[in-house]
Amino acid sequence: MDVKETTGKDISSFNIGDTVLVEMKVREGDSERVQPFQGAVVRKSGRGASETFTVRRVAHGEGVERIFPMRSPLIHRIEVVRKGEVRRAKLYYLRGLKGRKSRIQEAKRVDTSSGETSGEK
C-alpha cells in the first residue's frame, strides 16, 4: 500500500535540504485556522507511522526548529518551495551558522529538452 493511498496526500516528495512550507491546522476555541511554517528540512527520521521530519527557520534572529509527524492528520499541506542540494543526511551544522553562510545551495535542474543543466538564483 502506498502512502498516498492511505493518507490521501503525497508526503514523500521532499528531501533533506529542501525548503518546504508546512501548513498545520490549529484549533483555537471554536474556530480552526491554518498556520504556515516555512524553512529548511534538517532531518528525516523513523519509518512507518512514527516517521518525522524537522524543519528549521530563523525568525527575528533566533533559530526555530519544529518536528512534524509525517502522517499527522493536522498537516493540511506540504509544499516544496525550493529544492536544495546538500551532501549530508542531517544538517545540524546549520545551527552554528549565521547569515549568508547558513544558506543551502539550490539544486540544479536538468532541462530534458536540450539535455543542459540550469540553475536558478
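Definitions and limits used
Residues numbered from 1 in each chain as written. Predicted model: local features only at pLDDT ≥ 70, side-chain atom pairs only at ≥ 80, totals over all residues. Heavy atoms only, no water. 1 Å grid on protein atoms, 1.4 Å probe; cavity = no way out; pocket = protein on both sides within 12 Å on 5 of 7 lines; lining within 4 Å. Points joined across faces, edges and corners; volume = space filled by probe spheres on them. Nonpolar A, V, L, I, M, F, W, Y, C, P; charged D, E, K, R; others polar. Pairing = 2+ DSSP bridges. Helix = DSSP H or I, 4+ residues; strand = E, 2+ residues; numbered from the N terminus. pLDDT = per-residue confidence, 0-100. Contact = heavy atoms within 4.5 Å. Axes fitted to C-alpha atoms, helices over the stretch in contact; angles between N-to-C directions. Polar contact = N/O pair within 3.5 Å; in protein donor to acceptor, adjacent residues only side chain to side chain. Buried < 20%, exposed > 50% of the residue type's maximum accessible area, 1.4 Å probe, protein only. Core = buried A, V, L, I, M, F, W, Y, C linked by side-chain atoms within 4.5 Å.

A look at the layout of surface pockets
Line of reasoning, step 1. In this model, the largest pocket occupies a volume close to 480 Å³.
Line of reasoning, step 2. Lining the largest pocket we find 19 residues, and of these Arg56, Arg57, Val58, Gly99 and Ser102 sit closest to its centre.
Line of reasoning, step 3. Residues that form the lining of the largest pocket fall into these classes: five nonpolar, seven polar and seven charged.

Comments concerning the pairing of strand S3 (residues 52-59)
Line of reasoning, step 1. Relative to S3, strand S2 (residues 31-45) runs antiparallel, the two being bridged by five bridges. Of the residues in S3, the one forming a bridge with Arg43 is Thr54.
Line of reasoning, step 2. The loop that links S2 with its antiparallel partner S3 comprises six residues; one of these, Gly46, has a positive phi angle of about 85 degrees.
Line of reasoning, step 3. Pairing geometry for S3 and strand S4 (residues 62-69), over eight bridges, is antiparallel.

Notes on the confidence of the model for the protein
Should pLDDT be low for a region, the predicted coordinates there are not to be read in detail.
Line of reasoning, step 1. Here the protein averages 85 in pLDDT, and 83% of its residues register 70 or above.
Line of reasoning, step 2. Mean pLDDT across the elements of the protein ranges from a minimum in helix H1 (residues 3-7), with 48, to a maximum in S2, with 95.

A word on the environment of Phe37
Line of reasoning, step 1. Counting through the fold element by element, Phe37 comes out in strand S2.
Line of reasoning, step 2. Once the C-alpha coordinates of Phe37 and Val20 are considered, the two residues, 17 residues apart in sequence, prove to be 8.2 Å apart.
Line of reasoning, step 3. The residues touching Phe37, leaving out its near neighbours within four places in the chain, are Val20, Leu21, Val22, Val55, Arg57, Val64, Arg66 and Phe68.

Focus: the sheet that holds strand S5 (residues 75-82)
Line of reasoning, step 1. Sheet architecture is open: five strands sit in the order S4-S3-S2-S1-S5, paired in antiparallel fashion. Every other strand in the sheet has two partners, leaving S4 and S5 as the edge strands with one partner each. Taking each pair of neighbouring strands and ignoring which way they run, the sheet shows an average axis angle of 40 degrees.
Line of reasoning, step 2. In the sheet, strand S1 (residues 19-28) pairs with S2 via 10 bridges, with the strands oriented antiparallel.

A word on the environment of Arg77
Line of reasoning, step 1. Looking at where Arg77 falls in the secondary structure, it is placed in strand S5.
Line of reasoning, step 2. Expressed as a C-alpha distance, the spacing of Arg77 and Met24, which sit 53 residues apart in the sequence, is 7.3 Å.
Line of reasoning, step 3. Those residues in contact with Arg77 that lie beyond four places of it in its chain are Leu21, Val22 and Glu23.
Line of reasoning, step 4. Within the structure, Arg77 has its side chain in polar contact with the side chain of Glu79 (distance 3.0 Å).

Focus on the environment of Ile75
Line of reasoning, step 1. Among the secondary structure elements, Ile75 is positioned in strand S5.
Line of reasoning, step 2. When its relative accessible area of 3% is taken as the criterion, Ile75 is described as buried.
Line of reasoning, step 3. Put simply, Ile75 and Val34 are 41 residues apart on the chain and 9.0 Å apart in space, counted from C-alpha to C-alpha.

Some thoughts on the nonpolar core
Line of reasoning, step 1. By size, the foremost hydrophobic cluster in this structure holds 18 residues, and its most contacted members are Phe14, Val20, Val22, Phe53, Val55, Phe68 and Ile75.
Line of reasoning, step 2. Of all the secondary-structure elements, those providing two or more residues to this core are S1, S2, S3 and S5.
Line of reasoning, step 3. Leave out the neighbours within four places in its chain, and Phe68 touches Val22, Met24, Phe37, Glu51, Thr52, Phe53, Val55 and Ile75.

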